[in-house]
Each structure stands twice: as structure tokens, then as C-alpha cells.
Amino acid sequence: MTFVSFSFLIFITLTVFVYFITPGRWQWVVLLLASLCFFWLNSRWLVVFLAAAALTAFLTGLWLSNIDRTSKKLLKEKDWSSKEEKKKYRESVKRRKKVLLFCAILVVLGMLLVLKYYRFFASTANQGLRLLGFELPSFKFLMPLGISFYTLQAIAYMVDVYRGKEEADRNFFRFLLFMSFFPQIVQGPIARHHQLAEQLYASHRFSYLRCTFGLQLILWGWMKKLIIADRVMIPVTQIFDSGKQYTGLLLFLGAVLYSVQVYADFSGGMDMARGVSQILGIELEENFRQPYFADSVENFWRRWHITLGSWMRDYVFYPLTLSGPFVTISKKTRKIFGAFVGKRLPALLASFIVYALVGLWHGPEWKYIAYGLWNGLIIAAGILLPEIYARMKKLAGIEGTPFSWRLFMILRTFTLISLGRVFSRSGSVMTALHVFKNMTVQWWDLSFWVDGRLNELGLDSPNWVLLLIAVCVLLITDLLHEKGIRIREGIARQPLIFRWIVYIGAILVILVFGIYGAEYNSASFIYEQF
Amino acid sequence: MKKNTIKILVKCIAFFAVLFVCIAILQHFFGIRDYSIYSREQGFLQEEENSLDAVYIGASHEFSFFQPPLAWKDHGITVFSYGIPSMPAQSYVYRVKEALKRQPDSLLILNLNSFKSMGFNDKALHRNLDYMPWSVNKLEMMQDLLSRKNYSIENRLEFYLPLLRFHSGWSEMTSKDFTHTYNGLKGAYYYKYFLQTSSPQTFDVTEESTQPDEETLQVMGELLDYLDREKVRVLFVTVPQVLDKESQGRLNYLEEMVRDRGYECLDMMGLGDTYGVQEAVDFHDSNHLNIHGSIKFTEYLSDYLIENYGFTDKRGRDSLESWDTSVTLYGDYIDPWTLDIERDHAPRDYDLQAPEMTVRADEEQHAVLSWTETPGADGYRIYRKTNIEGDTFWKQTAETSGETFTWTDTHTEEAARLYYTVLPFRTENGEDLFGNFSFAGVDLRIS
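Rules behind the numbers
- Residues numbered from 1 in each chain as written.
- Chains lettered and ligands numbered in written order.
- Predicted model: local features only at pLDDT ≥ 70, side-chain atom pairs only at ≥ 80, totals over all residues.
- Heavy atoms only, no water.
- Helix = DSSP H or I, 4+ residues; strand = E, 2+ residues; numbered from the N terminus.
- Rg over C-alpha atoms; globule rule 2.2 N^0.38 Å.
- Contact = heavy atoms within 4.5 Å.
- Areas by Shrake-Rupley, 256 points an atom, 1.4 Å probe, with all protein chains shown as cover.
- Domains from an automatic or database assignment.
- Buried < 20%, exposed > 50% of the residue type's maximum accessible area, 1.4 Å probe, protein only.
- Pairing = 2+ DSSP bridges.
- Buried area = accessible area lost by both parts, 1.4 Å probe.
- Salt bridge = Lys/Arg side-chain N within 4 Å of Asp/Glu carboxyl O.
- Polar contact = N/O pair within 3.5 Å; in protein donor to acceptor, adjacent residues only side chain to side chain.
- Nonpolar A, V, L, I, M, F, W, Y, C, P; charged D, E, K, R; others polar.
- Phe/Tyr/Trp six-rings, centres within 6.5 Å; stacked < 30°, edge-to-face > 60°.
- Lys NZ or Arg CZ within 6 Å of the ring centre and 35° of its normal.
- 1 Å grid on protein atoms, 1.4 Å probe; cavity = no way out; pocket = protein on both sides within 12 Å on 5 of 7 lines; lining within 4 Å.
- Points joined across faces, edges and corners; volume = space filled by probe spheres on them.
- Patch = residues over 30% accessible without salt bridge, like charges linked within 9 Å, V, L, I, M, F, W, Y side chains within 5 Å.

1. Considerations on the overall build of chain B
Piece 1. Scanning chain B for helices and strands turns up 16 helices and 13 strands.
Piece 2. Here the C-alpha radius of gyration of chain B, 25 Å, is about what a compact globule of 447 residues would show, namely 22 Å.
Piece 3. Reported as C-alpha extents along the three principal axes, the dimensions of chain B are approximately 95 × 55 × 45 Å.
Piece 4. Partitioning the intrachain contacts of chain B with sequence separation of at least 6 by distance along the chain shows that 79% fall at a separation of at least 24.
Piece 5. On chain B, roughly 19300 Å² of surface is accessible, and the fraction owed to carbon and sulfur atoms is 50%.

Take a look at the structure:
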């Protein structure tokens, strides 16, 4: 049952109906049952992994909280013989908590590593182990729905409780709802406990305005998914998977189209998740902020999959840069290479690790790691070479940030991001390198615009025109959002007849121009597979 | 209930009503886009109630055999061709109910050939459902057919709203999709390819009887029970098809079954002897007649109906003007593909076999025809057509004696491709009787 299926529509309608006729204090139970039902329908018995992750995180939270409470009490009430003894006790508590957290993360992360990454690690390790005469067995495990998302949520929760930023949840079933909330389990956003849990447990009354806003988001998400993402997928699949040797700008067009596909697909799914939640009175975090208007790759990652970026920042990047080994590296390099390198090197190393992990999070293949490293490399260049960039800008006679310069930066960033995506879209790193090589062959050849080769990519002329119009609409909408114009509020202020024309028009447009049904099978969400 | 809640409810209901109307309008343009089916459904609705002599129900074996405008033109009988391609046997009882709603006193002619197998696919369902007018009967039919295929709720939706299936055709839509109307042909077949081709078939008719499977017996049993209950006037027919012995055996069994229940069954599986349809020249493919075969078949069945059911000649009645129109329309349609002797109902002798022809271009780019002797022929007429499409006609260009088997066309400058046929005839009591002919595959490229 995907977000773009009739059964999901029925499921949502029933859930919303039952949710709002249920007394407020029991509404969270409805959400929990709906979430488990959704999970069961999609992953069947794999729900045990979700339950195990939730139970581990929940018990760890309680345990950490208990350790904190008893240690604080003891520190306050016990008559300590010396400061040394008190310090030692504090350190022993910290150590206990650390060991506990480490073990819990190992359990939760272990499930993800085994189910999602075992095959990858085994095949990589076997390349070396074969030389020693043995190899690890190769298993392919079934992946529970949303494991990449709920694992990160569980880790964030446990670390936050460990850090004392978060109170431990004391009701397992409520916590299970936080872990399994069905609109976000498919492809995020990766929620933090303090942002989402209270909303989930609170009672909500039906609001007509909120409901229309939610429905608008769902419609908009469907339009992005069915009209743009699944349509653009057709030529992208042809270019990357057909085995035909495309060259030059046509290949580059494939990379650009894939960028459009991923954005429309992922952000469309996110809009649906946010729309459904909004109807229920729950505000999910925004995961996108007009990413293709970013003027640098670093800026892009602050706008794209925001919750993954902030998770990596809070639970990988900062802990790494502040860790003992990194501080030592910083000190040593400062001595040898000076302050400029010494200051930046730990951040650079941490960045590379973070982006390699971001890549690996997308999938257990080297191509995803390469995709992550590509981004890390560009960001590293941005960190190391700001003065060179400034000098180049000065040489070009550009002062300040005029529109043309900003436009150039945006296009440059989009190009770099699109080229990076060639790694994730190709079958392997080698294939991606082959694609790059072919891009340079007859790169000037623009004849595919006129000689009918575009129509051989699976879309006829009217479909290309429609795609172009739809992408323009998406671009304009993002531009309005970038300028802080709230479209939904604007629509809500219009007379009823106008609003109905917009709503009915959108539904009819989706019905006619959407890629779905037996003639075209609607594709699975890309991020659902991650 | 609070005033505000009522207001919201009313708004929601109004919104969904408007949305429903919009989708219904949109749906009109998105179906299986086979407008011959649309015409048959709409045409049947437009017939004056209780005005037809007979309603002929079946799959493509029905409408590729019987041509209502010809039956009206030559005999003045009103037999509407209410056939839908790939009509599942399971839908017969519902089609019978649909027919009886508007034509309760008509004879129903039911083609048994559809009962040779119980299988049907999505396409067949869309053909049979998309243009059928909405009614309780249609809903029951959908429910029945879809249940038999064990469709999930999600998969059933496309049959209730074909737009969901065919929306992707928007980029290929033409003005015809927005302007299609009833073609006025009374259900006569309206796609041309079988008109221009013949495909020789080999039939192996068996008299043996084989018991069909449970489902077939159950479907047939339910149909017969319904006919008994409603006391419907019915004639079952079977028409020639290339079938394996087992399928034929099942049809033979069903023929016996309906006869045992007291219904008449006209077995037309046998060829030639009775109505002149020939294996060599009158079939488009293994299941369907070409236009020349359907002219012979229509003539035969019309005579049979008049003789056995007392149908009278109604030509000239004001209320049946639309049938005269159908003759004109159908004539416009078939004239480019038929010979004058077919249209004029010249006397025929189907024993005169079609000669085998060859055509070649000589050095002077003249077309040289040769053909084999047709035993019993006193002469041959040579016809020519300059375009295989429907904008030219077959014209007689020469006539030879019975001893001449070659002829050269020296006027070949008119077209790059030329098509010929040779029509054998014999003379009896001063009257020419015309035999069979074939022009399939006879074309000539003047280089």
C-alpha cells in the first residue's frame, strides 16, 4: 500500500474518521493501531524489528533516566568524603551510561546493519577473504519498511536522553507510536522525539481549514509524484538502463532529469506525509526548503533532506569533531601546517565521514558511497579554497551578489549535484565513470532536440511539453516559497468558487495526466527503498 | 448538530457532487476508444422501442457475419447487430436483459460461438463495459464478471471508471475523440481491414459431441433458465470458425443442450453447401468473414428468418427512415471494396471457384495478368482498382472468353500500384451467373 494507491486513500479516510470520533485521550491509540496496521500491510512479520528497535530504545531511555535520577539523588544526599570520590562516582556513572548507550545503539544499529548492509559488507570483505581461502556466506534479508528512518529516530532519542536533553518516555505504546507513525515511516522526515511525540499524544479536534490545507498538500504531492517524477522516470530509465550508448549533452540531460525526478518524487512523498499528518493535527518538520535554489553544495544539503542533514550534524559531525582523536589531529596539524589547516582539517575529515555515511545510508553499494564522497569533496573544496574563489570573482569584476552571479551559483550548484547523482543512478561506480566519459563524447551535439531522438526516450512530444510545463509550475511554486509567499494561505483567502476550481482542476489534472494504472505502473518512491 | 458542522457537510457534499459531474464529463472522452462499440451501444438505445424484428447478440462472430443494412436493403427486415467484440459467454444473460428492456417482443438471435471458452481478459471487459449505459443490470454484470476473475477492489476500479485505465491516451487524442457519435450503421461492422483481404481457411467440421466444463454448463444453464422464466423468443446460431475438434465438440454439445430445452438452434458451422461461404475466398481470418462472405451470410440468414419467423417487409415506413439512411451509409462504406455484381445481387453460382492469379510487369511497364482455368466458366471479367484504400472503386476493365487465361493492361500509367481480380462466370438461359473471386495479395508495383 503506497501513498499513491486507492487502498491508501481508503485507509486514510477511515483513519481520519475514526481518529476524530475517538475521545481525545484515546486518539493516540487510533494512530498507533493505524500505524501498526499500515506497517503490517507493507512488511508483515518484519514488524518485529520495528518493535525490537522501539523496545530497545524505550528501555534504554528508561534505564538511562533511572541512572541519572539515582546518581543525582546520591550525589545530592550522600555525604561524600572527598571531591575526588564524588568525581570518580560521576565518571563511573558516565561510563555506565556510555556503555549502556553504546550497547543499545549496537543493538538498534545492528539490526539495520545486518538487514540492510550485511550482503554489502560480506561481498566487500570476501574479496580479501578469498585470498585467505574462505569467505562469508551471502544472505539477502528482507528489509522492514522504514528501517533506515526509524533506526535514526531511535538513536537520536537514546542519545538525547543520554545527554539529558530529553525526558525518557514512560509509556512503551506511546513510544512505539513515535517510532511507527505511518505517514512518516515510509520516507521520513526523521523526527526527533521532542518535536513529534507530544503532538502525537495530544488530543486534536477536527479543523476544516487544517483539513483543506492538508488535502492541498496531498494533492500537490500527488501532482509532483504522478505528473513529474513518474513521467520523467521514463526517459531517465531509458538513458541509464537501456544499455544504449548515449553521449554528450543527452547524457547530461539524463542526469538533470534524474535530479528533477528525485526531487519531485521525494518532496512529493514528503508533502503527502505532511498533508496526512496535518489533517490529523500533527505538524511534521519540513524536509525540503527549495533545494535547487541553493547557491552552494553545502547550502544545498541544508535545504535537501533537512532532517537527515541535521541528524548527521548532531549525532555524527559534532561528536566526531569534538572527540579526543580529532582534537589531537587538530593540535598536531596546527603545529605542522599552521592555523589555517589545523583549524579546518578536523572539520574536513568529519565532513568526509558524514557524507560517506550519507551515501551509505542511501544504499549498501559503493556507488552511494561515491555519491556521498562527491558531495564531501565539493564541500571540502569550498572550505579549503574560499580565497581562490574570492579572487576569481574579483578577477571577473563581480562585486557583491548581483542576480546574475546568484543565478550562476545556483546553476553551478544544480549542475554539480546532478553530476553527483550520476553515481547513485548508475548501476555501479564503474558505470558512472563510463557515463562521465561518454558525456565528453560529442558533448556539443544538440541535434537530439530536433532529430526525434527525444521521442525515442519513451515520451512523445505532448508528454515532453507537459513535463516542461509541470517542471515550470514546480519551479515557480518553489520561487514563491523562496520569496516567503504562502500559496496555501493565498488560496484560502480566495472566494469559494475559485478554490473549488483550483481543487477540482488539480484532481482532474492528476487523473488525466498522472502516470498510474495498468498502462503505466506507478513507480515506488525512490526514498522508500532507502 | 452545530450549524457550522452542517455548513461544512453541505459544502463537502456539494464539492463531491461537482467533482463527480466533472469526472463523468471527462470520462466521456476516455474509454477503450473503439467507437464501433460505442455506436452499437448508442445505436441500440436510439432504436424506437419494440420496433425491431430481431436483436442479434454475440461477439465478433456476430457482427463480422451479419450486416443489418443489407438485410434491410434487400428484404426490409430490421435485425439490429448488438454484438460486442470478445463478448464473454458469462455476459449473455445480462445482454439479453438489456435487449429485452427496449425490444421485449423481438426475436433474440444468440450466437453460441462465444461459449467455446469461458476465458476473457481485461480488454474484453473494457470492450463490453465501457460504453454500456449505466443501469442496475450493468452493475450486476460487472459484479459477476469481475468476481469470476477475482479482481481486487483496486483492480476493479478501472472498470467503473475507465479513465483510470485509459487516461494515458490523452496525448494521442484526435478530434474524433471529442466528436464521436452514433455512426448510423445499425451495428454493422465498421473497421476496414477485413474488407480488403481474404485469408483462406481450412475447416474440419465434426459431428462429435464433447461435454464442456462445469462453468460453461452452469453459465449456459443460467441463461436457459432465464429464457425459460421470461419466455423469451430465441434462436441460437453457430457460425463457422476454425476450431479444434474439442471446441467444436463442446459447441455441438451445447447445441444439443439448447435443443433439448426446446429452443431452435441453427447450425451454420457447415460451409458452402447451404449459403455459399467458401473457405478459399470469404474469410478474413480463422474467426471472421470478409465483406464478401458476410454478404452471402446476410442473404442466407435473412431468407431463413423471413421463412421461419414470418418477418415482413417494412421498407417505406416513415418511422424506419433511419434504416434507409443506414443503407446509404453502409453502401458508402463498402462500395470501394465490393464488386458491382455483389452490390446489385447479380445471380451467383458459388460452384465456380476463384481462379488463382498472378500479375507481373513486362518491359513496357504493362501489367500482365495470368490465371488458372475455373472449370465450368464461360468467361472471365477483369476488375481493376488503383488504390487499396477506400477512395477508389473496383471497375470492370475487360471481359475474356472461357478459353483465355491471360490479359495485359496497357493503361498502367494511372497509378504506381494496381490491384486486379478475375471473376469467372457462366451463362445459363441467357443469364450470367457469377462465381467466386479473390484479390488478396494481388498487387503490382510499376517500377
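Here the narrative resumes.
2. Points about the domain arrangement of chain B
Piece 1. Each assigned domain of chain B is listed with its residue range as follows: domain 1 (1-30), domain 2 (31-338) and domain 3 (351-445).
Piece 2. Between the C-alpha centres of domain 1 of chain B and domain 3 of chain B the distance comes to 66 Å.

3. Examining the pairing of strand S1 (residues 54-58) of chain B
All names here are of chain B.
Piece 1. Along S1, 5 of the 5 residues are buried, which leaves the element largely enclosed by surrounding structure.
Piece 2. Along S1, one buried face is formed by Ala 54, Tyr 56 and Gly 58 and the opposite face, lined by Val 55 and Ile 57, is buried too.
Piece 3. As judged from the 5 bridges shared by S1 and strand S2 (residues 79-83), these two strands associate in the parallel manner. Bridge pairing links Tyr 56 to Ser 81 in S2.
Piece 4. Pairing analysis gives 4 bridges linking S1 to strand S3 (residues 107-111), with the strands arranged parallel. In the sheet register, Tyr 56 faces S3, and the bridge partner there is Ile 109.

4. Focus on the domain arrangement of chain A
The parts lose accessible area when they come together, and the size of an interface is often stated as this lost area.
Residue and element names in this part refer to chain A.
Piece 1. Domain annotation of chain A identifies domain 1 (6-206) and domain 2 (210-288 + 426-529).
Piece 2. Relative placement of domain 1 and domain 2: their C-alpha centres are 32 Å apart.
Piece 3. Together, Gln 187, Pro 189 and Gln 199 form the three largest contributors to the area buried by domain 1 at its contact with domain 2, with a combined 32%.
Piece 4. For the pair domain 1 and domain 2, the number of links is 0 salt bridges.
Piece 5. At the boundary of domain 1 with domain 2, the tally comes to 5 residue pairs in polar contact (both at pLDDT 80 or more).
Piece 6. When residues of the side of domain 1 that touches domain 2 are traced back to their parent elements, those giving at least two are helix H1 (6-21), helix H7 (182-185) and helix H8 (193-201).
Piece 7. The element contributing the most residues to the side of domain 1 that touches domain 2 is H1, with 6 residues.
Piece 8. Taken together, the residues that form the side of domain 1 that touches domain 2 break down as 18 nonpolar, 6 polar and 1 charged.

5. Focus on the packing of aromatic side chains
The description of an aromatic ring pair rests on the distance of the ring centres and on the angle between the ring planes.
Piece 1. Taken as a whole, this structure holds 61 aromatic pairs over all chains when the rule is applied.
Piece 2. Judged by centre distance (5.7 Å) and plane angle (65°), the ring pair of A:Trp301 and A:Tyr355 falls under edge-to-face. Linking A:Trp301 in helix H11 (residues 297-303) with A:Tyr355 in helix H14 (residues 339-362), this pair joins segments that are 54 residues apart in sequence. Here A:Trp301 matches A:Tyr355 in class, with each residue buried.
Piece 3. Seen in terms of ring centroids, B:Phe236 and B:Tyr263 are 6.0 Å apart; in terms of plane orientation they differ by 80°. Their pairing is edge-to-face. In this pair, B:Phe236 is assigned in strand S4 (residues 234-238) and B:Tyr263 in the loop between helix H13 (245-260) and strand S5 (264-267), connecting sequence segments 27 residues apart. Here the two residues B:Phe236 and B:Tyr263 agree in accessibility, since each one is buried.
Piece 4. Every member of this aromatic cluster is reached through a ring pair, and the members are A:Tyr263, A:Phe266, A:Phe288, A:Tyr292, A:Phe300, A:Trp301, A:Trp304, A:Tyr355, A:Tyr371 and A:Phe414.
Piece 5. The ring of A:Tyr162 has A:Lys97 lying over it, and the distance from NZ or CZ to the ring centre is 5.2 Å.
Piece 6. Stacked on the ring of B:Phe63, the Lys or Arg B:Arg40 has its end atom at 3.9 Å from the ring centre.

6. Here we look at empty space enclosed by the protein
Residue and element names in this part refer to chain B.
Piece 1. Counting across every chain of the model gives 4 cavities of 30 Å³ or more.
Piece 2. Here the second largest cavity is characterised by a volume of approximately 40 Å³.
Piece 3. Around the second largest cavity, the lining residues are Val 281, Asp 282, His 292, Lys 296, Glu 342, Arg 348, Asn 436 and Phe 437.

7. Section: a nonpolar patch on the surface
All names here are of chain A.
Piece 1. Taken together, Phe 340, Leu 384, Leu 385, Ile 388, Tyr 389 and Met 392 make up a surface patch of nonpolar side chains, about 510 Å² in accessible area.
Piece 2. By secondary structure assignment, the location of Ile 388 is in helix H16 (residues 386-395).
Piece 3. A relative accessible area of 42% places Ile 388 in the partly exposed class.

8. Observations concerning unusual backbone geometry
Residue and element names in this part refer to chain B.
Piece 1. At Lys 231, a residue that is not glycine, the phi angle is positive and equals roughly 50°.
Piece 2. When you line up the elements, Lys 231 lands in the loop between helix H12 (214-230) and S4.
Piece 3. For His 345, which is not glycine, the phi torsion reads 55° and is therefore positive.
Piece 4. Inspection of the secondary structure assignment puts His 345 in the loop between helix H16 (340-343) and strand S6 (357-361).

9. Details of the pattern of salt bridges
Where side chains of opposite charge bring their charged atoms close, a pairing between them can arise.
Piece 1. One pass over the full model with this rule turns up 34 salt bridges over all chains.
Piece 2. With a closest N to O distance of 3.0 Å, A:Asp314 and A:Arg313 form a salt bridge.
Piece 3. Judged by its relative accessible area of 16%, A:Asp314 is buried.
Piece 4. Here B:Lys314 and B:Asp53 are joined by a salt bridge, their closest N and O atoms 2.3 Å apart. Of this pair, B:Lys314 sits in the loop between helix H14 (291-309) and helix H15 (321-334) while B:Asp53 sits in the loop between helix H2 (35-46) and S1, and the two are 261 residues apart along the sequence.
Piece 5. Note on B:Asp53: relative accessible area 9%, which makes it buried.
Piece 6. Here the residues in one salt-bridge network are A:Arg192, A:Arg313 and A:Asp314, joined through shared partners.

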